[in-house]
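Residue strings, one per chain:
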Amino acid sequence: VEAFPGPRFGSDGLRELCGVAKGEPLVMTALKPMGLSVDQLAHQTYCFAKGGIDIIKDDHGLSNQPWAPFEERVLTLGFELPPPKSLLAGSPMGGT
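Just so you know, these numbers come straight off a predicted model, no measurement behind them. (Residues numbered from 1 in each chain as written. Predicted model: local features only at pLDDT ≥ 70, side-chain atom pairs only at ≥ 80, totals over all residues. Heavy atoms only, no water.)

### Regarding the overall build of the protein chain
Working step 1: Summing up its helical and strand segments, the protein chain has 4 helices and 2 strands in all.
Working step 2: Scanning the protein chain from its N terminus toward the C terminus, one meets helices and strands in the order α-β-α-β-α-α.
Working step 3: Taken across its 96 residues, the protein chain has 24% of its residues classed as buried.
Working step 4: Residue pairs in contact within the protein chain that sit at least 24 positions apart in sequence constitute 64% of those at least 6 positions apart.
Working step 5: With the model as given, the accessible surface of the protein chain reaches about 6700 Å², and the carbon-plus-sulfur share is 62%. (Helix = DSSP H or I, 4+ residues; strand = E, 2+ residues; numbered from the N terminus. Buried < 20%, exposed > 50% of the residue type's maximum accessible area, 1.4 Å probe, protein only. Contact = heavy atoms within 4.5 Å. Areas by Shrake-Rupley, 256 points an atom, 1.4 Å probe, with all protein chains shown as cover.)

Right, here's the structure in full:
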């Protein structure tokens, strides 16, 4: 147990990073299915973020794929989309 102290952030740390108060749901999803293009993954990511998902995981591994190269995924999914909370500002769902 000493060699593996547990998750780096824990649920409290994830809540803090995502701006989700204790007692509110912390929602996560993964991008699926394998085989989508970078543009399709970007659209899916945008829709998830707009819907209020707190954490979106790129579940396509750290490798290059002919249909979605790693570097292109990182640049498109990680930097070109606004943070999820900014998508919710002023929406009926709330957001800050």
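We are not done yet, so read on.
### Let's talk about the side chain of R73
Working step 1: In this fold, R73 is placed in helix 3 (residues 70-79).
Working step 2: Side chain to side chain, R73 and D58 meet in a polar contact 2.8 Å long.
Working step 3: Beyond its immediate sequence surroundings of up to four residues, R73 is in contact with V38, L41, D58, H60, G61, S63, Q65, A68 and G78. (Polar contact = N/O pair within 3.5 Å; in protein donor to acceptor, adjacent residues only side chain to side chain.)

### Let's talk about the pattern of salt bridges
Working step 1: This structure, assessed with the given rule, holds 2 salt bridges.
Working step 2: A salt bridge links D12 to K22; its shortest N-O distance comes to 3.4 Å. Separated by 10 residues along the polypeptide, D12 in helix 1 (residues 10-18) and K22 in the loop between helix 1 and strand 1 (28-30) bring together distant segments of the chain.
Working step 3: Here D12 falls in the partly exposed class, since its relative accessible area comes to 48%.
Working step 4: Across the pair D58 and R73 runs a salt bridge, and its minimum N-O distance is 2.8 Å. With a gap of 15 residues between them, D58 in the loop between strand 2 (55-57) and helix 3 and R73 in helix 3 connect regions that are remote in the sequence.
Working step 5: For D58, a relative accessible area of 28% translates into the label partly exposed. (Salt bridge = Lys/Arg side-chain N within 4 Å of Asp/Glu carboxyl O.)

### A short note on helix 1
Working step 1: Among the residues of helix 1, those classed as buried are G13, R15 and C18.
Working step 2: G19 occupies a position one or two residues after helix 1 and carries a positive phi of about 70°.

### Considerations on the confidence of the model for the protein chain
Working step 1: Looking at the protein chain, pLDDT values average 79 and 77% of them are 70 or higher.
Working step 2: Averaged over each element, pLDDT in the protein chain is lowest for helix 4 (residues 84-88) (56) and highest for strand 1 (91). (pLDDT = per-residue confidence, 0-100.)

### What about a nonpolar patch on the surface?
Working step 1: On the surface, a nonpolar cluster with roughly 280 Å² of combined accessible area is contributed by F9, L14 and L17.
Working step 2: Here L14 lies in helix 1. (Patch = residues over 30% accessible without salt bridge, like charges linked within 9 Å, V, L, I, M, F, W, Y side chains within 5 Å.)

### A look at unusual backbone geometry
Working step 1: At the junction of K32 and P33, the peptide bond is cis and its omega measures out at -5° in the coordinates.
Working step 2: Examined against the element boundaries, P33 turns out to sit in the loop between strand 1 and helix 2 (38-50).

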